[in-house]
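Residues per chain are reported as follows:
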Amino acid sequence: MILSMGNIYCHLIGYQLSAENANERNLITGTRYLNIQGMLPFENLTADYVRETNNHVLYRVTPIFEKDYLLALGVQMEALSVEDNGDGIKYNVFCYNIQPGVVIDYSTGDNRSDGSITVKAAPTQGTTAHNETVATTYILNTHTKKFHIPSCSSVKKMKDKNKCEFTGSREEAIAQGYSPCQRCIGK
Ligand SMILES: [Zn+2]
């Protein structure tokens with residue numbers, strides 16, 4: 001059975017750290033696990049520090065590829081705060097481009113289920129089926145911390161910088177700290 005690993009375009013420099021949105025050189029294909037579990041905590045840490053102190057941070061995100069493989073194995077994130085010489089922010093981490101339950105061929109980008117996750121039915125966009133195992137595409141609002149179905153009217157009004165596509169179950173979205181939009185998803 002083919003299971004989508006929920007590929008989304010992953011911003012190497014997070015929305016909150018760059019004003020850019022559609023710079024192709026700033027995009028690689030990454031799993032949602034890479035984005036949410038891997039990179040987001042470090043992006044938030046850095047953005048919060050800059051917001052609170054107005055200090056500068058040397059910041060570099062490097063995708064790591066093996067040979068001529070099409071999919072990055074992961075990204076290296078490095079950051080050092082300047083004015084306090086690293087007292088506020090100092091990290092050098094590697095975030096793996098993996099997805100639990102999915103086997104990924106990094107040479108081609110092909111991916112398949114490792115059999116540990118059961119998918120019962122093909123997901124239908126816009127349904128409100130409360131089926132924990134069905135992966136659905138949601139639109140996250142990183143500002144309000146709400147998630148929506150793509151056709152929700154709130155999505156059209158959302159600023160691009162707050163918009164983040166997420167493929168997974170309702171429960172996974174909630175586990176990431178998001179709450180369902182009352183209008184399009186409901187309790
Ligand atoms: Zn909504």
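Here, the structure is the one placed above.
These remarks concern the structure in this document. If you're wondering where the values come from, they're calculated on a predicted model, not measured in any experiment. (Residues numbered from 1 in each chain as written. Predicted model: local features only at pLDDT ≥ 70, side-chain atom pairs only at ≥ 80, totals over all residues. Heavy atoms only, no water.)

1. Quick look at the environment of Phe166
Here comes step 1: Locating Phe166 in the fold gives a position in strand β10 (residues 163-168).
Here comes step 2: A relative accessible area of 2% means that Phe166 is categorised as buried.
Here comes step 3: Every residue in contact with Phe166, bar those within four places of it in the chain, is listed here: Arg32, Ile36, Thr136, Thr137, Tyr138, Leu140, Glu172, Ala173 and Gln176. (Helix = DSSP H or I, 4+ residues; strand = E, 2+ residues; numbered from the N terminus. Buried < 20%, exposed > 50% of the residue type's maximum accessible area, 1.4 Å probe, protein only. Contact = heavy atoms within 4.5 Å.)

2. Examining the coordination of the zinc ion
Here comes step 1: Distances from the zinc ion to its protein donors, His148 (ND1), Cys152 (SG), Cys181 (SG) and Cys184 (SG), fall at 2.1 to 2.4 Å.
Here comes step 2: One can describe the site at the zinc ion as tetrahedral: its four donor atoms subtend angles covering 95 to 131° at the metal.
Here comes step 3: Counting the intervening residues between successive donors of the zinc ion yields the motif H-x3-C-x28-C-x2-C. With respect to class, His148 is no different from Cys152; both count as buried. (Donors = N, O, S within 2.8 Å, 3.2 Å for Na, K, Ca; no water. Tetrahedral: all angles 85-135°; square planar, octahedral: opposite > 155°, others 65-115°.)

3. Considerations on the sheet that holds strand β8 (residues 136-141)
Here comes step 1: Strand order in the open sheet formed by four strands is β10-β8-β9-β11, and the pairing between neighbours is mixed. Each edge of the open sheet is held by one strand with a lone partner, namely β10 and β11 (179-180).
Here comes step 2: As judged from the two bridges shared by strand β9 (residues 146-148) and β11, these two strands associate in the parallel manner. Considered in β11, the bridge of Lys146 is made with Ser179. (Pairing = 2+ DSSP bridges.)

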